[in-house]
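Residue-level structure breakdown
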2 protein chains.
Amino acid sequence: VRILLTGAGGFVGRQTLNALVQTGHDIVVASSQPAFDGRVCDWIVGNLMAAGEPERIAKAARADRILHLAWTSTGGSFWGDPQNLDWVAATLCLVRATIRHGASRVAVAGTCHEYAWPQSGKCVENVTPLAAHTLYDGSKDATRRILQIYADREGVVFAWARLFYLFGHNEHKNKLVASIARALVAGQPARCSSGRVVRDYMDVRDAGAALASLATSETSGAINVASGNGTLVAEIARSLGKISGRPELIELGTVPDRPFEPQMIVADTRRLNNEVGFHPRYDLDSGLRDALEHWRVKLRA
Amino acid sequence: VRILLTGAGGFVGRQTLNALVQTGHDIVVASSQPAFDGRVCDWIVGNLMAAGEPERIAKAARADRILHLAWTSTGGSFWGDPQNLDWVAATLCLVRATIRHGASRVAVAGTCHEYAWPQSGKCVENVTPLAAHTLYDGSKDATRRILQIYADREGVVFAWARLFYLFGHNEHKNKLVASIARALVAGQPARCSSGRVVRDYMDVRDAGAALASLATSETSGAINVASGNGTLVAEIARSLGKISGRPELIELGTVPDRPFEPQMIVADTRRLNNEVGFHPRYDLDSGLRDALEHWRVKLRA
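Residues numbered from 1 in each chain as written. Chains lettered and ligands numbered in written order. Predicted model: local features only at pLDDT ≥ 70, side-chain atom pairs only at ≥ 80, totals over all residues. Heavy atoms only, no water.

Points about the relation of the copies chain B and chain A
In the superposition of chain B on chain A (RMSD 0.0 Å, axial shift 0.0 Å), the rotation amounts to 180°. Such values leave the two copies arranged in the relation of a two-fold axis. A high fraction, 100%, of the interface residues of chain B reappear at the interface in chain A, so the copies pair face to face through one surface. (Least-squares fit on C-alpha atoms with pLDDT ≥ 70 in both. Contact = heavy atoms within 4.5 Å.)

Focus on the interface of chain B and chain A
Residue-level contacts link 24 residues of chain B with 24 residues of chain A. It is Leu85(B), Arg96(B) and Ile146(B) in chain B that bury the most area against chain A; as a group they hold 27% of the surface buried on that side. Summed over the shared surface of chain B and chain A, the result is 2 salt bridges. We note a salt bridge from Asp86(A) to Arg96(B), for which the minimum N-O separation is 2.3 Å. (Buried area = accessible area lost by both parts, 1.4 Å probe. Salt bridge = Lys/Arg side-chain N within 4 Å of Asp/Glu carboxyl O.)

Digging into the packing of aromatic side chains
For any two aromatic rings, the description comes down to two numbers: the centre-to-centre distance and the angle of the planes. Scanning the entire structure with this criterion turns up 18 aromatic pairs over all chains. Between the aromatic rings of Phe78(B) and Tyr136(B), the centroid separation amounts to 4.7 Å while the plane-to-plane angle is 80°, which identifies the pairing as edge-to-face. Linking Phe78(B) in the loop between strand 4 (65–68) and helix 3 (83–100) with Tyr136(B) in helix 4 (residues 135–154), this pair joins segments that are 58 residues apart in sequence. Across this residue pair, the class does not change: Phe78(B) and Tyr136(B) are buried. Relative to Phe164(B), the ring of Tyr115(B) lies with its centre 6.2 Å away and its plane at 45°, an arrangement referred to as tilted. With Tyr115(B) in the loop between strand 5 (105–111) and helix 4 and Phe164(B) in the loop between strand 6 (157–163) and strand 7 (165–167), this residue pair connects regions lying 49 residues apart in the sequence. Across this residue pair, the class does not change: Tyr115(B) and Phe164(B) are buried. A network of ring pairs unites the aromatic residues Phe78(A), Trp79(A) and Tyr136(A) as a single cluster. Lying over the aromatic face of Tyr115(B), Arg162(B) brings its terminal NZ or CZ to 4.7 Å of the ring centre. Between Arg205(B) and the ring centre of Tyr282(B), over which it is positioned, the NZ or CZ distance is 3.7 Å. (Phe/Tyr/Trp six-rings, centres within 6.5 Å; stacked < 30°, edge-to-face > 60°. Helix = DSSP H or I, 4+ residues; strand = E, 2+ residues; numbered from the N terminus. Buried < 20%, exposed > 50% of the residue type's maximum accessible area, 1.4 Å probe, protein only. Lys NZ or Arg CZ within 6 Å of the ring centre and 35° of its normal.)

Quick word on the sheet that holds strand 11 (residues 221–225) of chain A
All names here are of chain A. Within the open sheet, the 7 strands sit side by side as 3-2-1-4-5-6-11. Their pairing is parallel. With one partner strand each, in any of the chains shown, strand 3 (42–45) and strand 11 form the two edges of the open sheet. Averaged over all pairs of adjacent strands, the angle between their axes in this sheet comes to 20°, without regard to strand direction. The sheet contact formed by strand 1 (residues 2–6) and strand 4 (residues 65–68) spans 4 bridges and is parallel. Within strand 4, the residue paired with Leu5 across the bridge is Leu67. Packing against the sheet, helix 1 (residues 11–21) makes contact with strand 1, strand 2 (26–31), strand 3 and strand 4, and its axis sits at approximately 165° to strand 1. Strands strand 1, strand 4 and strand 5 (105–111) of the sheet are contacted by helix 3 (residues 83–100), whose axis makes an angle of about 170° with strand 4. (Pairing = 2+ DSSP bridges. Axes fitted to C-alpha atoms, helices over the stretch in contact; angles between N-to-C directions.)

Quick word on the sheet that holds strand 1 (residues 2–6) of chain B
Residue and element names in this part refer to chain B. Read across the open sheet, the 7 strands follow the order 3-2-1-4-5-6-11; overall the sheet is parallel. Since the sheet does not close on itself, it has two edges, and those belong to strand 3 (42–45) and strand 11 (221–225), each with one partner. Ignoring which end each strand starts from, the neighbouring axes of this sheet average 20° apart. In this structure, strand 2 (residues 26–31) lies alongside strand 3, joined through 4 bridges in parallel fashion. By the bridge assignment, Val29 is partnered in strand 3 with Trp43. Contacts between helix 2 (residues 53–61) and the sheet are confined to strand 1, strand 2 and strand 3, with strand 3 contributing the most and set at about 165° to the helix. Taken strand by strand, helix 4 contacts strand 5, strand 6 and strand 11, and its axis lies near 165° from that of strand 6.

A look at the environment of Glu293(A)
Here Glu293(A) is to be found in helix 9 (residues 284–300). For the pair Glu293(A) and Ser244(A), spaced 49 residues apart in sequence, the C-alpha separation works out to 9.1 Å.

In structure tokens form, the structure reads like this:
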């Protein structure tokens, strides 16, 4: 089976590529970046946003399956970025071209933010109602709706991975775990909100492995990619402080809480665990240890 | 106010253009076809499906408002046409470019098929649930979802016209009224289904005028464009027979009914009537008379 991967240069994409090449399948990457060092698969350099490129890439890839992760993700500003509209267009174009060139399975990355936040309980695929909060998740959700109908008509198996909260290697430095870990490694105070909300955090290496499993599986429809465990954000901050040996640097409540933050965003992962057959390798504690170590090495370099 | 119109060469678009030029506003048409005879407005020839064209057209148009009607509509086959995906992309691109070039109001054509068919009662905007039945209406609905969020963010007023059943001048010859009228004019039997379903039929000249009113109004959100009156399809067929003086040519029940046809598709038109302030000019009987006359002239020519 030959699998086309996009977004391989991104936070989750790098880990997904690592996991995919280990499956033994024939992997082809389409990326705006040149092949990374130690390339172990076919590589097409191209810009999905340019006219004619999705078609050219799909043709050159000759893929049986596609795992499409590429999307705008300019740190923080992507929620309202008008480029979301261009990514809808590029995604529809790429998926259509890939199917035209023979692919029979399509998997695309969505987001937990497609869900209307439940008052309590976990987000369950096909049960929890959906609601667009931003241009980003509205665009993702609309893309899913179109591709689901299109794939059904074409007799193509379609999977939609709803990614929850991730942390770990190469995380954007302003994100929760990276920002705290970097402060701790630098011996500086880590200023945090009260952390009284519950989130589902997964090590990005597990997320990459889960996406690789999804791409090589036969599972279809929406699938939460997450740990399935809810943790207080304050607890994550305190764990990092404790692991680093500098718990006193964690300053909870010194940054104002954001208004309108949902109390709980946690995935039901029965589809991922039972249908895709994926189980995370890292628990939260070992993931946080590795993240701290990652930043220790990185900031020293 | 300068208004950009797309789809002016289509069934509804022609009537919309007629109505728009009568408003006294400054109208600019973007069309794949050259300017019609008797052109009374600015005209940009271009192909919205070609790379770079939406941007070029938007720039050349310098419009304060856009009324976007263009979409794939290859008679009968557009329901599942993969080109629907290209039209989503082109629409997002064109709307984005038009806003970037200064437009502050966007109106786009949707369809009554976005509604989940109610068991009884009329389709009410923002009340009747939505459900995609085909790639066409799924693509339309997804486009609306994205554009609504995008327009809100950009401070642009966004209206979405849900067109119901139309008939009249230049209707596709396989459609209900055109096919019966053509048979009657030719003196041939008009073979029909049982006609036991209720539909909301509007004269296309009224639909064009309604869209022109919507484009020049300040009304936002989803708006049904329809007569608001339900009529048995059999009744429409019988009316045409009666008007033509050949009622015996109407052969109800000689064509099998389609399976899974919803019993009733009728619009609640309070938004169109009260908020847009539009009221149809033609009742069903006078519209059918004119349609018959239209085909009489056309088939003689």
